[in-house]
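Report on the structure
Here are the chains, one letter per residue:
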Amino acid sequence: MKVRDLQHAVLPETSAEQRSRQEAVVALRRLLNTRVRPRNVEAFASEAQPAFIAAYGRAPQSPEEVQRAFLLSPSYRRWSAANRAAQEMIWVSVGEPIYRDLDRMRAAARALVTAPDRKGSLNLDPDYDPSAEVADVDIHLQPGGYAMDRGEDDVVAGALYECGGNVFSFGQGIGRADSKAGVVIRLLDERFGGFRPQRILDIGCSAGAASAAYAAHYPDAEVHAVDIGGAMLRYAHARAESLGVGVHFHQMDASAMTFADGSFDLVVSHNLMHEIGEAKRRAMMREARRLVRPGGVVIHQDVAIRDQPTIVHQVERDWDTHFNGEVHWSTYATADLRADMRAAGFAADEIVEHDLAAVQGFAGNRWYAISARKPA
Amino acid sequence: MTTTSAEALTALILSARGVRPQSLANAEAEEVLNIALALLIELSVSNDRIDRLERMVAALRDEPVSALRDVRYDGEAAQERQEAMEALLARVLRIMLDPRVQPPAAAAS
């Protein structure tokens, strides 16, 4: 199943003009990403470092000093201002059709999640207070953030996530046919002997794109998915039902889930590690190991920003921490995830890090993953 | 009741949180850049609308859209287009034609 650019009943209806606007933002971001951003490292050498030396009498040393030096470069500042503006315009371009079409979307979602022949379920916890370190931040500037819930039947957070995510990804050079679940499924086929899970858990599922893709790829499997926001999960459930797949969505914290030990054959997380702090990430990894059965597989997949060749590249890549609401971007990029997996209970020889080619993308996009198989 | 585009945009803007960190040395310049980039997107939207109309007209006239676009102005029409283009340049570049720059000392006070 494709995960991006799909048609289903809970998406906002868009006019030709609204689609033009989204396509223009995609094109602007592509230009910035492919033609302007690649010059930042060069601008560090030609503008940032000389300006820092002129001001302080020595070259920048620490990541903080390299960041300060970058901001002395006019070229970097122009790109940064334009990139921030383009990121905000993503949300303008998708938010207008969502808020305009919201009554219809809410009604469509309600009909899907209450249909007698629904395949999945939605388990919201009214006593759960979404984790502040995620809920209180507009991550990648999504207005209201992942956990925004405007009450009964609200689906805005999920719609913003899916629609904005598509505009973001296409502007990033990620192909319309790319799929993070597809990358993991390929990994299971190639590196885990065609492992076919019967019970799957997707931690930090957001709008449920990967969860639905697993349910479609493994039709005999029971798929469960966890996230923190009610409106995000309502949307995810309705989306899955509209696509004709069954996924059981739960409102829970990734660091303390209520499933029994050994409940799942496969536990995955997609792009979750860079959205949570160190303590929660380690707790999530412990939970993933607790929840996978002996012989089962844990795979945490995320963005491929961890192996930068120099401190200048590392700081350049860290723009999202300072300008894009990705407060844990750098924490993730520099974390010792092997140590975290060992602390979660896996033996060193069970842990493998992967540099994975995207399923599709024009810019040679890659994904990072770290996996481990629990001994049988 | 139908939600208008302006109402939808207001709802979106009101839901956003966090400060906007500044990249350029001058905050006003950064605001103007944001406005210019937003207008760039809107120009692209308008160009798409013109394109759709051109294709519709070409289909109605049963001719290729390239033939519709291959207009060479001459005579009175060419003069009108020339004047319109010059007026557009004067409007857009007015700040360069009439800069009236404030002396630095006065600007700082």
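Residues numbered from 1 in each chain as written. Chains lettered and ligands numbered in written order. Predicted model: local features only at pLDDT ≥ 70, side-chain atom pairs only at ≥ 80, totals over all residues.

Concerning the overall build of chain B
Definition in use: Secondary structure elements are taken from DSSP: a helix is a run of H or I of four residues or more, a strand is a run of E of two residues or more, and numbering for both begins at the N terminus. Radius of gyration here is computed from C-alpha atoms only, and the compact-globule reference equals 2.2 Å multiplied by the residue count raised to the power 0.38.
Across its full length, chain B holds six helices and zero strands. Starting at the N terminus, the α and β elements of chain B follow one another as α-α-α-α-α-α. The C-alpha atoms of chain B give 22 Å as radius of gyration, which overshoots the globular expectation for 109 residues (13 Å, by more than 25%). With the C-alpha coordinates of chain B rotated into their principal frame, the extents come out at 60 × 45 × 25 Å.

Topic: the domain arrangement of chain B
Defined as follows: Where each domain starts and ends follows an automatic or database-derived domain assignment.
Assigned domains within chain B: domain 1 (23-63) and domain 2 (73-99). A separation of 20 Å is found between the C-alpha centroids of domain 1 of chain B and domain 2 of chain B.

Describing the interface of chain B and chain A
Stated formally: Whether two residues are in contact depends on their C-beta atoms, placed from the backbone: they are in contact if these lie within 7 Å. Only Asp, Glu, Lys and Arg are considered charged in this grouping, and only Ala, Val, Leu, Ile, Met, Phe, Trp, Tyr, Cys and Pro are considered nonpolar; every other residue, Gly among them, is considered polar.
Each partner contributes residues to the interface: chain B has 25 residues there, and chain A has 30 residues. Put simply, the parts of the chain that give the side of chain B that touches chain A at least two residues each are α1 (5-15) and α2 (27-60) of chain B. Per-element accounting of the side of chain B that touches chain A gives the leading share, eleven residues, to α2(B). Of the residues that constitute the side of chain B that touches chain A, the class distribution is 13 nonpolar, seven polar and five charged.

Structural notes on the sheet that holds strand β8 (residues 366-373) of chain A
All names here are of chain A. The following threshold applies: When DSSP locates at least two bridges between a pair of strands, those strands are taken to pair. For helices, the axis comes from a line fit to the C-alpha atoms of the stretch in contact; other axes are also lines fit to C-alpha atoms, and the angle between any two N-to-C directions lies between 0 and 180 degrees.
Pairing within the open sheet is mixed, and its eight strands lie in the order β1-β4-β3-β2-β5-β6-β8-β7. The sheet is open, and its two edges are formed by β1 (121-123) and β7 (351-357), each paired on a single side. Across the sheet, the mean angle from the axis of one strand to that of its neighbour is 20°, orientation sign disregarded. As defined by bridge partners, strand β2 (residues 199-203) adjoins strand β5 (residues 264-270) across four bridges and the pair is classed as parallel. In the strand pairing of β5, Ile 203 is matched with Ser 269.

Quick look at the pairing of β8(A)
Residue and element names in this part refer to chain A. Inclusion rule: Once C-beta atoms are placed from the backbone, each residue is buried if 20 or more other C-beta atoms lie within 10 Å of its own, exposed if 12 or fewer, and partly exposed for counts between those two.
By the criterion of burial, β8 is predominantly enclosed, with six of the eight residues buried. The sheet contact formed by strand β6 (residues 292-303) and β8 spans seven bridges and is antiparallel. If you follow His 300 over to β8, its bridge partner there is Ile 370. Note that β7 and β8 share seven bridges and pair antiparallel. Residue pairing across strands places Val 352 opposite Ser 371, the latter belonging to β8.

Some remarks on unusual backbone geometry
All names here are of chain A. Residue His 140 is not a glycine yet carries a positive backbone phi of 40°. Its place among the elements puts His 140 in the loop between α6 (132-135) and α7 (156-171). A count of 20 C-beta atoms within 10 Å places His 140 in the buried class. Positive phi outside glycine occurs at Asp 153, with the angle close to 70°. Here Asp 153 shows up in the loop between α6 and α7.

Quick word on the packing of helix α11 (residues 278-291) of chain A against helix α15 (residues 337-344) of chain A
Residue and element names in this part refer to chain A. We apply this condition: Between 65 and 115 degrees an angle is taken as roughly perpendicular, under 35 as roughly parallel, over 145 as roughly antiparallel, and anywhere else as oblique. Crossing handedness follows the turn of the near helix against the far one: under a right angle anticlockwise gives a left-handed crossing, and clockwise gives a right-handed one.
At a closest axis distance of 8 Å, the pairing of α11 and α15 adopts a crossing angle of 50°. In terms of orientation, α11 lies oblique with respect to α15. Crossing of α11 against α15: the hand is right-handed. Residues Arg 281, Arg 282, Met 285, Arg 286, Ala 288 and Arg 289 of α11 touch α15, and the partners they reach there are Asp 340, Met 341, Ala 343 and Ala 344. Partitioning the contact of α11 with α15 into residue classes produces five nonpolar, no polar and five charged.

Quick notes on the nonpolar core
Just so we agree on the cut-off: When buried Ala, Val, Leu, Ile, Met, Phe, Trp, Tyr and Cys residues are joined through C-beta atoms within 7 Å, the set is termed a nonpolar core.
Formed by 121 residues in total, the largest nonpolar core has its most connected members in Tyr235(A) and Val267(A). Ranked by the residues each element gives to this core, the list is headed by helix α4 (residues 74-100) of chain A, at 13 residues.

What to know about the pairing of β2(A)
In regular strands, side chains alternate between the two faces of the sheet. All names here are of chain A. Our working rule: With strands facing away from the observer, any crossover in which the path from the first strand over the helix to the second runs clockwise is taken as right-handed.
Taking burial as the measure, the five residues of β2 include five buried ones, the bulk of the element. Going residue by residue along β2, you find Arg 199, Leu 201 and Ile 203 tucked away on one face and Ile 200 and Asp 202 tucked away on the opposite face as well. Where β2 lies against strand β3 (residues 222-227), five bridges are found, and the strand directions are parallel. Residue pairing for β3: Arg 199 is matched across the bridge by Glu 222. Each parallel crossover has a hand, and the one from β2 via helix α9 (residues 209-217) to β3 is right-handed.

Comments concerning helix α3 (residues 63-70) of chain A
All names here are of chain A. Heads up, the condition is: Note that the arc is defined by the directions from the helix axis to the C-beta atoms.
Listing the buried residues of α3 in full gives Val 66, Ala 69 and Phe 70. The arc enclosing the buried residues of α3, seen along the axis, measures out at 100°, which places them on a common side. In this structure, the buried side of α3 is in contact with α2 (40-56), α4 and α12 (311-317).

Brief notes about α4(A)
Applicable threshold: Each helix should span, by expectation, one fewer than its residue count multiplied by 1.5 Å.
With 27 residues, α4(A) should cover 39 Å at 1.5 Å per step; its first-to-last C-alpha distance of 39 Å lies within 8% of that length. Counting buried residues in α4(A) gives 24 out of 27 residues, a clear majority hidden from the surface.

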